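# Structural overview
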Amino acid sequence: MTASIPTIPLLIGGKFVQSSTTQWRDVVNPATQEVLARVPLATAEELAQAVAAAKAAFPAWRKTPIGTRARIFLKYQQLIRDNIKSLAALLTAEQGKTLADAEGDVFRGLEVVEHAAAIGNLQLGELANNVATGVDTYTLLQPLGVCAGITPFNFPAMIPLWMFPMAIACGNTFVLKPSEQDPMVTMRLVELAIEAGIPNGVLNVVHGAAEVVDAICDHPDIKAVSFVGSTRVGTHVYNRASLNGKRVQCMMGAKNHAIVLPDANKEQTLNAIAGAAFGAAGQRCMALPVVLLVGEAQQWIPELVAKAQTLKVSSGTEPGTDVGPVISCAARERIESLIERGVADGATLELDGRKPVVPGYEQGNFVGPTIFSGVRPGMAIYDQEIFGPVLSIVAAKDIDEAIEFINANPNGNGTAIFTQSGAAARRFQEDIDVGQVGINVPIPVPVPMFSFTGSRASKLGDLGPYGKQVVMFYTQTKTVTARWFDDSTVAQGVNTTISLK
Ligand code: NAD
């Protein structure tokens, strides 16, 4: 191994340690191909050590007063805030998104940390007084034990922060498995969490890919698994971890559609679509890769193409960049081959973003904004999640046809409608079978007092990340029915029925 390239440690029992594995992979700057670090694919023994550390820390942590837990997250949110610029720079270097968008990635995670600091108000049970004579019933929301999180490459700050802060605030201990493609900003966030006062063993990190994920799904001491990533891997994780008796939530792949009605505000709508289709190089699970133009809105294609052509493709560190590189050479090649298939399948290539000229970054994994019209189901560009800056335009005659089209797609992560008609928007929110719905909002990611959700192939498991749902996910409800006697209570005799008297 080259000595000058830093290696990324594991975190086990409060100590940042070097993995003893023989398997490492490079973390590569996608704009330059510079190798930034090496990440270990941890051994089975190292995962076992991380779980053992989390298990050992659980008895004390679960009994730690709720205010003490909350105050760690109060401190943590301040540390993230103080370091947001350097966190964003690290994120841009290893992931590629622009610095402003990287700051947004950190900020959307920070909001969940702020929410975790309010755990005192969130982890409340219920109480019913006098459910029978002298009897009260109440619930306790108690932590589960060791929980684990597996995260994707596209939000290396926000998505780890969806997971461990809420799990730990609820009194659980945690093992995190970050994306092996861009683990550096995640590790910096983990260092800040330790600095904020998370005790030894309460948060642990192992790195790796499929093997470590499978070991997490199989480990008998892990009680719950939270996964965010592709549908292919998420379905595997859900099945494997569920069969092993774990609680599992999997937030998975997407193919989000927007409907544009002809009464929409044209300028606002086209800006929103260009931003949501091409921002983050299309590598958001809430990106808008399909737009249904209804009726006369179909005439807006040239203006949309003109807008897309104004976007600057370059390194995320360059001022004014709108579209950074995609995560890897393999991702770029896959996107380019899908564009080729789109042409072969008969879609009209309105704008071809393949092989853009990017001065100073000739080695980067760049694909510029690409637009197809005349797209239909059955074409690879429609059927697959491209996860690149490629927008497919579909013509629809009216809102009914457009809603039916979206509901026939297997995915149900996000969607949006653009219109000035309240009645049309209400019709859409009622009938669309998608988790996140935007009304003149292209990327409707909920803020943390609500929960992220999803329907159909985009989600497995009942409860989503953050918001009220995640407190239910990371706790088990215990229902206590209690009666207290004192010496003056008159004995009622033996009750042989199930009734409470
Ligand atoms: P991915 O599924 O390839 O990887 C996700 C995690 O699974 C990583 O930690 C990876 O190491 C691990 N993994 C990869 N292959 C595995 C295998 N064969 N067995 C077990 N584990 C494996 O996803 P990605 O490419 O990192 O992220 C992009 C995907 O994530 C897209 O499909 C996107 O839509 C989805 N995503 C969904 C949401 C959501 O909330 N619904 C949010 C962000 C991203």
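Cut-offs used in this document
Residues numbered from 1 in each chain as written. Predicted model: local features only at pLDDT ≥ 70, side-chain atom pairs only at ≥ 80, totals over all residues. Heavy atoms only, no water. Salt bridge = Lys/Arg side-chain N within 4 Å of Asp/Glu carboxyl O. Helix = DSSP H or I, 4+ residues; strand = E, 2+ residues; numbered from the N terminus. Buried < 20%, exposed > 50% of the residue type's maximum accessible area, 1.4 Å probe, protein only. Patch = residues over 30% accessible without salt bridge, like charges linked within 9 Å, V, L, I, M, F, W, Y side chains within 5 Å. Areas by Shrake-Rupley, 256 points an atom, 1.4 Å probe, with all protein chains shown as cover. Near = heavy atom within 4 Å. Polar contact = N/O pair within 3.5 Å; in protein donor to acceptor, adjacent residues only side chain to side chain. 1 Å grid on protein atoms, 1.4 Å probe; cavity = no way out; pocket = protein on both sides within 12 Å on 5 of 7 lines; lining within 4 Å. Sits in = over half its atoms within 2 Å of the grid points. Nonpolar A, V, L, I, M, F, W, Y, C, P; charged D, E, K, R; others polar. Pairing = 2+ DSSP bridges. Expected span 1.5 Å × (residues − 1). Arc of directions from axis to C-beta. Contact = heavy atoms within 4.5 Å. Axes fitted to C-alpha atoms, helices over the stretch in contact; angles between N-to-C directions. Left-handed = near helix turned anticlockwise from the far one by under 90°.

## As for the pattern of salt bridges
- What the rule picks out here adds up to 21 salt bridges.
- Close ionic contact of R240 with D214 constitutes a salt bridge, the shortest N to O distance being 3.3 Å. One end of the pair, R240, is in helix α9 (residues 231-243); the other, D214, is in helix α8 (residues 210-218), and 26 residues separate them in sequence.
- The exposure class assigned to R240 is partly exposed, which follows from its relative accessible area of 29%.
- Its salt-bridge partner being K266, residue E303 comes within 3.0 Å of it at the nearest N-O pair.

## Notes on a nonpolar patch on the surface
- There is a patch of nonpolar side chains on the surface, built from V447, M449 and F450 and spanning about 310 Å² of accessible area.
- Residue V447 is classed as partly exposed on the basis of its relative accessible area of 32%.

## Some remarks on the site of the ligand
- Around the ligand, the surrounding shell holds 29 residues, and the nearest of these are T151, K177, E180, S230 and E385.
- The contact in question runs from an oxygen atom of the ligand to an N or O atom on the side chain of E180, over 2.6 Å.
- Interatomic distance of 3.3 Å between a backbone N/O atom of G229 and an oxygen atom of the ligand.
- Of the pockets mapped on this structure, the ligand occupies the largest pocket.
- Its residues assigned to classes, the shell around the ligand comprises 17 nonpolar, 8 polar and 4 charged.

## Describing the pairing of strand β5 (residues 127-132)
- Pairing geometry for β5 and strand β6 (residues 135-143), over 3 bridges, is antiparallel. Each residue of the ladder has a partner; that of L127, found in β6, is Y138.

## Let's talk about α9
- If you check α9, its first and last C-alpha atoms are 18 Å apart, about what 13 residues at 1.5 Å a residue would give, namely 18 Å.
- Turning to α9, its buried residues are G234, V237 and A241. Down the axis of α9, the smallest arc covering the buried residues is 60°, so these residues share one side. Seen from the buried face of α9, the exposed residues on the opposite side, beyond 90 degrees, are R232 and L243.
- Its buried side turned inward, α9 meets β7 (146-150), α8, β10 (222-228) and β11 (247-251).
- Where α9 ends, the next residue or the one after it, G245, has phi of about 85°, a positive value.

## Quick notes on the packing of helix α3 (residues 84-95) against helix α4 (residues 99-116)
- At a minimum axis separation of 8 Å, α3 and α4 run at an interaxial angle of 115°. Note that α3 runs across α4; the crossing there is right-handed. Contacts between α3 and α4 pair I84, K85, L87, A88, A89, L91 and T92 from the former with L99, A102, E103, D105, V106 and F107 from the latter.
- Here the residues of the contact of α3 with α4 sort into 9 nonpolar, 1 polar and 3 charged.

## Considering the sheet that holds strand β16 (residues 390-396)
- With mixed pairing, 7 strands are arranged side by side in an open sheet as β14-β15-β16-β13-β12-β18-β19. A single partner strand is all that each edge strand has here, and the edge strands are β14 (348-351) and β19 (436-439). Across the sheet, the mean angle separating the axes of adjacent strands is 20° when strand polarity is ignored.
- Sitting on the sheet, helix α10 (residues 266-278) touches β12 (257-260), β13 (290-294), β15 (370-373), β16 and β18 (414-418), and the angle it makes with β16 is about 135°.

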